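So you can see what is in the structure, the chains are spelled out below.
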Amino acid sequence: MKRAINLVPARPPAILLAVLPFALILIVYAIGSDIRLGANPNDKLMPSFSTIGEAVGRLAFEENRRTGEYVFWTDTAISLQRIVVGLAISTALCILIGIPVGFLPVLRALFGPFLAAFSLIPPLAVLPILFIVFGLGETSKIVLIVFGVAPFLTRDVALAVAAIPREQIVKAQTLGASTWQMMVHVVFPQILPRLFDSLRLSLGATWLFLIASEAIASEGGLGYRIFLVRRYLSMDVILPYVAWITLLAFLMDYALTLASRGAARWYHLGRAQ
Amino acid sequence: MTEIAIKGLAKSYGDTAILENVNAHLADHEFCVVLGPSGAGKTTLLRILLSQEAATRGEVLIDGVPIDPEPQPDRGVVFQRYSVFPHKSVLANVMLGPQLRAAPLLGRLFGARRRAIRERAEALLQEVGLGEHLAKFPAQLSGGMQQRLAIAQALIMEPKVLLLDEPFGALDQSTKKAMHRLILDLWRKNRMTIVMVTHDIGEAFTLATRILMVDKARRDPHAPTAYGSTITEDIRLDPDKKPALHVVDESADESHTMTAIFARYRADAGDCVVDEHPNFQAAG
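Residues numbered from 1 in each chain as written. Chains lettered and ligands numbered in written order. Predicted model: local features only at pLDDT ≥ 70, side-chain atom pairs only at ≥ 80, totals over all residues. Heavy atoms only, no water.

1. Observations regarding helix H1 (residues 11-39) of chain A
All names here are of chain A.
No. 1: When the terminal C-alpha atoms of H1 are compared, their 43 Å separation across 29 residues agrees well with the 42 Å that a helix rising 1.5 Å per residue should span.
No. 2: When the local axis directions of H1 are compared, the greatest deviation, roughly 30 degrees, occurs at Leu20, which is followed within four positions by the proline Pro21.
No. 3: Tyr29, Gly32 and Ser33 are the residues of H1 that are buried.
No. 4: Buried positions along H1 lie against helix H2 (49-61) and helix H10 (235-263). (Helix = DSSP H or I, 4+ residues; strand = E, 2+ residues; numbered from the N terminus. Expected span 1.5 Å × (residues − 1). Bend = angle between axes of the 7 residues up to and from the residue. Buried < 20%, exposed > 50% of the residue type's maximum accessible area, 1.4 Å probe, protein only. Contact = heavy atoms within 4.5 Å.)

Right under this line is the structure:
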């Protein structure tokens, strides 16, 4: 009998194994839903797949009679816009602050401890402050995402900069590089793959902050919709919305992987994904 | 002309003395190999020459002028590892230095000036045997090829002094031989001074015109860190009287050279070899 760590599945069975948990959860849900609906046809907790399909069709492919919008797509667009803007600002900040702070000893001494403390402030605890300062509009939601994600990214970039082998920096100086040139030509390209990885890891937090701010005060968005229909126990809307958010997060994660492979080809050479 | 003078150099970290009273004068076009046991401070000496570290006392002069306190292009370097930039192609690694010098803001040239640097880089890479690998990334090169790249990258800056910190320490024997040949060729052609740190005594005698041994001259058994290392041996070798390098065939591939080196050691082993092809006999 081989040791468990040496049992490696071949390619086709591996794909089958990957699909199995997804199939299993759908089957378990279908059975559970069937049992509950059999006992009470008006049960709202576990709607059948056809009920869910109808709800999705109504929200995604029929104009809302009051507003003339396709609610599902409007929600998606609003949420995606908030996420993309929030992440873009966070990324810009973490590069502009993280690289100098990680690279220059004086800035590291000045801002290192401050950044460490700042990134420990629970973002949701300051959400009321954001609402008071920035109002209930788009700004406060984007600021919450930035507040929640940028400090983590910045610290991570600073750490990645500090982890670049000392030899590289000395070598660059013997090639006549100035501090600025080293940041642009040596440091930034080398932390880029790590930055993509950190962005992927912070996607979960990003969605958390988005949905939290949409749930509390908003007029649209995926999180807003979920918390709105919760009042009517509309599981037939909540469940597909959760699945859709998960799919969007997965696609963003995958897009970041592709972007990393394109932007830092050297890093992915011969590296198993 | 490049003369290096090391005067009364000492380095200590707190109470731990690493180097003390290091004095040496290196003539123009010297190939100086610094030998010493592990932890003796030979790398520390190299780092001081590089201005990666500052001496506690004493000074280093190149042509009578104290060296800059920061690493500068007048002193090129090749480390044992991490000498090349992993995110740049072979060609881009070599083209980097001249572009940084010529374009302070962008670090990148365009048009005719870029073409001129490109031609120089390609010629240099051809010389170190990487002419076929211009577009590859360092991760796609073998250890010996990465060191060739690092040497080319340093040489394009035309440094007065090339500092080598155990550059061939991680290479196999056949690759090492080829690298010895290469570095001697480049040393003769470019008329520069080389200071190389190694713990391989054979390598030192093969390459050097000057061997410095760095070791502790005084020891206090009750306070092992009280005294630092100094220069305990200092010999000069005439390169023209040395036997030629046993590089079998420059165009030979690595495995061929390996076989040749093996054959030489096999011959030297003589009677120590008690049996040949024991497995073949058992099978036959």
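2. Some details on the nonpolar core
Looking at soluble globular proteins, one finds that nonpolar side chains tend to be buried together.
No. 1: Counting 97 residues, the largest nonpolar core has Trp207 of chain A together with Phe31, Leu125, Ile183 and Ile194 of chain B as the members making the most contacts within it.
No. 2: Broken down by element, this core gets its largest block of residues, 13 residues, from helix H8 (residues 179-216) of chain A.
No. 3: The contacts of Trp207 of chain A, once residues within four sequence positions are left out, are Leu80, Ile83, Leu222, Ile245, Leu248, Ala249 and Met252 of chain A. (Core = buried A, V, L, I, M, F, W, Y, C linked by side-chain atoms within 4.5 Å.)

3. Focus: helix H2 (residues 90-102) of chain B
No. 1: A bend of about 40 degrees at Leu96 of chain B is the largest found in H2 of chain B, and the proline Pro98 of chain B appears one to four places after it.
No. 2: The element H2 of chain B is largely enclosed, with a buried count of 10 among its 13 residues.
No. 3: The set of residues buried in H2 of chain B consists of Val90, Leu91, Asn93, Val94, Met95, Leu96, Gly97, Pro98, Gln99 and Leu100 of chain B.
No. 4: Against the buried residues of H2 of chain B lie H8 of chain A together with helix H3 (111-127) and helix H4 (143-155) of chain B.

4. Some thoughts on the domain arrangement of chain B
Interfaces are frequently sized by the accessible area removed from exposure as the parts join.
No. 1: For chain B, the domain assignment lists domain 1 (4-248) and domain 2 (249-284).
No. 2: The distance between the C-alpha centroids of domain 1 of chain B and domain 2 of chain B comes to 34 Å. (Domains from an automatic or database assignment.)

5. A few points about the packing of aromatic side chains
Residue and element names in this part refer to chain A.
No. 1: For the structure on display, the rule yields 9 aromatic pairs over all chains.
No. 2: Consider the rings of Tyr29 and Phe49, whose centres lie 5.6 Å apart with planes at 50 degrees: the pair is tilted. Within this pair, whereas Tyr29 is found in helix H1, its partner Phe49 is found in helix H2, the two being separated by 20 residues in sequence.
No. 3: Looking at Phe49, the relative accessible area reads 44%, which means it is partly exposed.
No. 4: A centroid spacing of 5.5 Å and a plane angle of 90 degrees characterise the contact between Phe72 and Tyr241, whose relative ring orientation is edge-to-face. A residue pair is termed long-range when its members are at least 10 positions apart, and Phe72 in helix H3 (residues 71-103) and Tyr241 in helix H10 qualify at 169 residues. (Phe/Tyr/Trp six-rings, centres within 6.5 Å; stacked < 30°, edge-to-face > 60°.)

6. Some words on the interface of chain A and chain B
No. 1: Every contact between the two is made by 22 residues of chain A and, on the other side, 33 residues of chain B.
No. 2: Both faces combined, the contact of chain A with chain B buries some 2300 Å², and carbon together with sulfur accounts for 65% of it.
No. 3: Summed over the three residues of chain A that lose the most area to chain B, namely Lys171, Leu175 and His185 of chain A, the buried surface amounts to 30% of that side.
No. 4: Counting every contact that joins chain A to chain B gives 0 salt bridges.
No. 5: For the side of chain A that touches chain B, the secondary structure elements donating two or more residues are helix H7 (166-174), H8 and helix H11 (265-268) of chain A.
No. 6: The biggest single contributor to the side of chain A that touches chain B is H7 of chain A, with 8 residues.
No. 7: For the side of chain A that touches chain B, the class distribution of residues is 10 nonpolar, 8 polar and 4 charged. (Buried area = accessible area lost by both parts, 1.4 Å probe. Salt bridge = Lys/Arg side-chain N within 4 Å of Asp/Glu carboxyl O. Nonpolar A, V, L, I, M, F, W, Y, C, P; charged D, E, K, R; others polar.)

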